[in-house]
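Survey of secondary and tertiary structure
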Amino acid sequence: MEPELLRPLPKPMTPEAKPYWDGLNEGKLMLPKCEDCGKAFFYPRIACPHCHSRNVGWMQASGKGKLYSFQIAYRALNPAFKIAPPYILAMVELEEGPRLLSNMINIEADPDVLKCDMPVEVVFEKQNDEVTIPLFQPAG
Amino acid sequence: MKELSNSVAIVGVDESDEIGKLPDVSLTSLHLQAVHNAVADAGLKISDVDGIFTAGQHSPAMLGEALGITPRYVDGTSVGGCSFIMMVGHAVAALHHGLCDVAVISHGESGRSGTGVTRARDTSLSGQYEMPYGFGGAPTYFGMITTRHMHEYGTTLEDWARVAVSTRAWAGLNPKAMFQDPITVEDVLNSPKLFYPFNLLNICLVTDAGGAVVLTRADRAKDCAKKPVYVRGAGEGTEHTLVTNMADLPLSRATTISGNKAFEMAGVKHSDFDHIMLYDAFTSGPPIMMESLGFCEPGEGVRFFDEGRSDPGGSLPINTNGGGLSYTHSGMYGIFPIIEAVRQQRGECGDRQVPGVKCSLVNGMGGMLSAAGTIVLSHET
Ligand SMILES: [Zn+2]
């Protein structure tokens, strides 16, 4: 029997995001990157939002960035999310530019401890054989 | 659009028969009540209506069928709660060109009770990139904008709390407001913690409600039942849907674009406004909108709520109906600040009437400041 999931799994997965999800399963944070203007972006899509080129490839991100903004959830809105509050809702700005939402872990869920712009690094958390997600912790 | 300034007037406004907790009233009924009430307010008949504008879970076609009319013009722009404010501008263009003669903008939402409602929409973005981390629901996104604002500009929890206190003071003067008892900054700071930086009293209500607005060309407006309120300016803008893609976070590009268009069409400057209605799903929304609209420098929007400036009797009244924070908030709130601005311009607001009011601003957001609609209303041309 599979262990009970603590988080809703990403769904529905879209075909254009497959390299992102495949990369996570291999412990890589992959970002879509425009082959024409050179900029990385997020979320994955088939055209560049910066220069509108359809010449889009992928790059492996360093996994480093900063905590751009955060919230502390004292309760869950979604019954499928079973991690006990309080937990940290995080917006991370990656070194490569794009921002993504995630959770901060290995730090107290306290607005006096968390600071915008603190350096963070990715931690991969396996959910099951198909899904791994990127979480973030203070950079060591 | 400048040549269309003042060419159209709002001639009818009203809510559904009741607003609040209405488990026995379907979403369709909220629409129909609001439209019938607003059309009656204008001194018109349902059969006069030939333009239908609505957003949310009903298409304009469905509303036309429910009303028993076959409109000549419809608009179903749906970019969140400000859609109804945007539709004022769309109605001005349609009326001006004779695409319709009497336009109704309608909102109905069983936001609290879910009576007669099912949901089906594309959830692939939030499902993949947000939900696995416990995001879901506006309070888990708008706080991102708010925390970043505090970091960049030094705004505080006390600053946001003052917005709730001022808005509640207005609600105390509105018999239709759900919460009317006065509150203090300490009450807000001590209310239950939900999603830092938001406590319970930083977040809007969840209600069932409908509202509608009737518009016609200025020449015909003079024959309606009430004093016409002219649409001097209208603007709109959209930027993003995911909060991570908000380029100038914590400011809103959509709001800046929308405001600039509306002010230019109206030929007004910031100091011309003596009454302001801002979409307040969260206490941080109104100050950030004031900044994005150019009323002040970034970070200074909270000053409009200092020392009673925005309160009853203050120098610049803001959210005089009691807002989404204390009056009503069904989900897509944008119709209600239009209704309040029209009532203020008509002088119908009783204890909360802003004396001598001449120029109202209505600005709303869709999503997380993702889209914006702005209108300038006045009983003078
Ligand atoms: Zn590009």
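Residues numbered from 1 in each chain as written. Chains lettered and ligands numbered in written order. Predicted model: local features only at pLDDT ≥ 70, side-chain atom pairs only at ≥ 80, totals over all residues. Heavy atoms only, no water.

Where the parts come together, the accessible area they lose is often given as the size of the interface. Every contact between the two is made by 41 residues of chain A and, on the other side, 37 residues of chain B. When the buried surface of chain A facing chain B is broken down by residue, A:Gln71, A:Arg99 and A:Leu101 rank first, second and third, together holding 21% of it. At the surface where chain A touches chain B, the tally comes to one salt bridge. Salt-bridge contacts for A:Asp117 lead to B:Arg148; the nearest nitrogen and oxygen are separated by 2.7 Å. (Contact = heavy atoms within 4.5 Å. Buried area = accessible area lost by both parts, 1.4 Å probe. Salt bridge = Lys/Arg side-chain N within 4 Å of Asp/Glu carboxyl O.)

Let us look at the state of the cysteines. Residues and elements named next belong to chain B. Scanning all chains against the criterion turns up zero disulfides over all chains. Sulfur of Cys224: no disulfide; nearest cysteine sulfur belongs to Cys100 and is 14 Å away. A residue is classified by how much of its surface remains accessible, and Cys224, at 11% relative accessible area, is buried. (Disulfide = S-S within 2.5 Å. Buried < 20%, exposed > 50% of the residue type's maximum accessible area, 1.4 Å probe, protein only.)

Further remarks concern the pattern of salt bridges. Overall, the coordinates contain 31 salt bridges over all chains when judged by the stated rule. As a salt-bridge pair, B:Arg346 and B:Glu348 come within 3.3 Å of each other at their nearest N and O atoms. Note on B:Arg346: relative accessible area 10%, which makes it buried. Overall, the relative accessible area of 37% leaves B:Glu348 in the partly exposed class. A cluster of three or more residues bridged by salt bridges with shared partners is formed by A:Lys66, A:Glu93, A:Arg99, A:Asp117, B:Arg148 and B:Glu152.

In this section: the nonpolar core. Residue and element names in this part refer to chain B. By size, the foremost hydrophobic cluster in this structure holds 124 residues, and its most contacted members are Leu215, Ile338 and Leu377. Other than its neighbours up to four places away in sequence, Leu215 contacts Val8, Ala9, Ile10, Val88, Ala91, Leu95, Asp101, Val102, Ala103, Ile105 and Val231. Formed by 22 residues, the second largest nonpolar core is a distinct cluster that contains Leu67, Val102, Val104 and Val214. (Core = buried A, V, L, I, M, F, W, Y, C linked by side-chain atoms within 4.5 Å.)

Let us now look at the packing of aromatic side chains. One pass over the full model with this rule turns up 19 aromatic pairs over all chains. Ring geometry for A:Tyr20 versus B:Tyr129: centroids 5.9 Å apart, planes at 70 degrees, classification edge-to-face. Residue A:Tyr20 is located in helix α1 (residues 18–25), and its partner B:Tyr129 is located in helix α4 (residues 124–129); the two belong to separate chains. In terms of burial, A:Tyr20 and B:Tyr129 fall into one category: buried. (Phe/Tyr/Trp six-rings, centres within 6.5 Å; stacked < 30°, edge-to-face > 60°. Helix = DSSP H or I, 4+ residues; strand = E, 2+ residues; numbered from the N terminus.)

Here the focus is the side chain of B:His275. Residues and elements named next belong to chain B. Of note, His275 is situated in strand β9 (residues 275–278). With a relative accessible area of 0%, His275 lands in the buried category. Once residues lying within four places of it in the same chain are set aside, the contact partners of His275 are Leu316, Pro317, Thr320, Ala341, Gln344, Val354, Val357, Cys359, Ser360 and Leu361.

Attention now moves to the coordination of the zinc ion. Residue and element names in this part refer to chain A. Taken together, Cys34 (SG), Cys37 (SG), Cys48 (SG) and Cys51 (SG) make up the protein donors of the zinc ion, found 2.3 Å from the metal. What the four donor atoms of the zinc ion show is an angle range of 103 to 115 degrees at the metal, which sorts the shape as tetrahedral. Motif for the zinc ion, donor spacing along one chain: C-x2-C-x10-C-x2-C. Remark: Cys51 occurs in the loop between β1 (30–34) and β2 (56–60) and Cys37 occurs in the loop between β1 and β2; sequence separation between them is 14 residues. (Donors = N, O, S within 2.8 Å, 3.2 Å for Na, K, Ca; no water. Tetrahedral: all angles 85-135°; square planar, octahedral: opposite > 155°, others 65-115°.)

Moving on to the packing of helix α1 (residues 27–41) of chain B against helix α2 (residues 60–67) of chain B. All names here are of chain B. Where α1 contacts α2, the two axes come as close as 11 Å, and the packing angle between them is 70 degrees. On the basis of their axis angle, the class for α1 and α2 is roughly perpendicular. Our pair here, α1 against α2, has a crossing hand that is right-handed. Contacts from Thr28, His31, Leu32, Val35 and His36 of α1 reach α2 at Leu63, Ala66 and Leu67. Here the residues of the contact of α1 with α2 sort into five nonpolar, three polar and no charged. (Axes fitted to C-alpha atoms, helices over the stretch in contact; angles between N-to-C directions. Parallel < 35°, antiparallel > 145°, perpendicular 65-115°, else oblique. Left-handed = near helix turned anticlockwise from the far one by under 90°. Nonpolar A, V, L, I, M, F, W, Y, C, P; charged D, E, K, R; others polar.)

The values are spatial; any link to function lies outside them.
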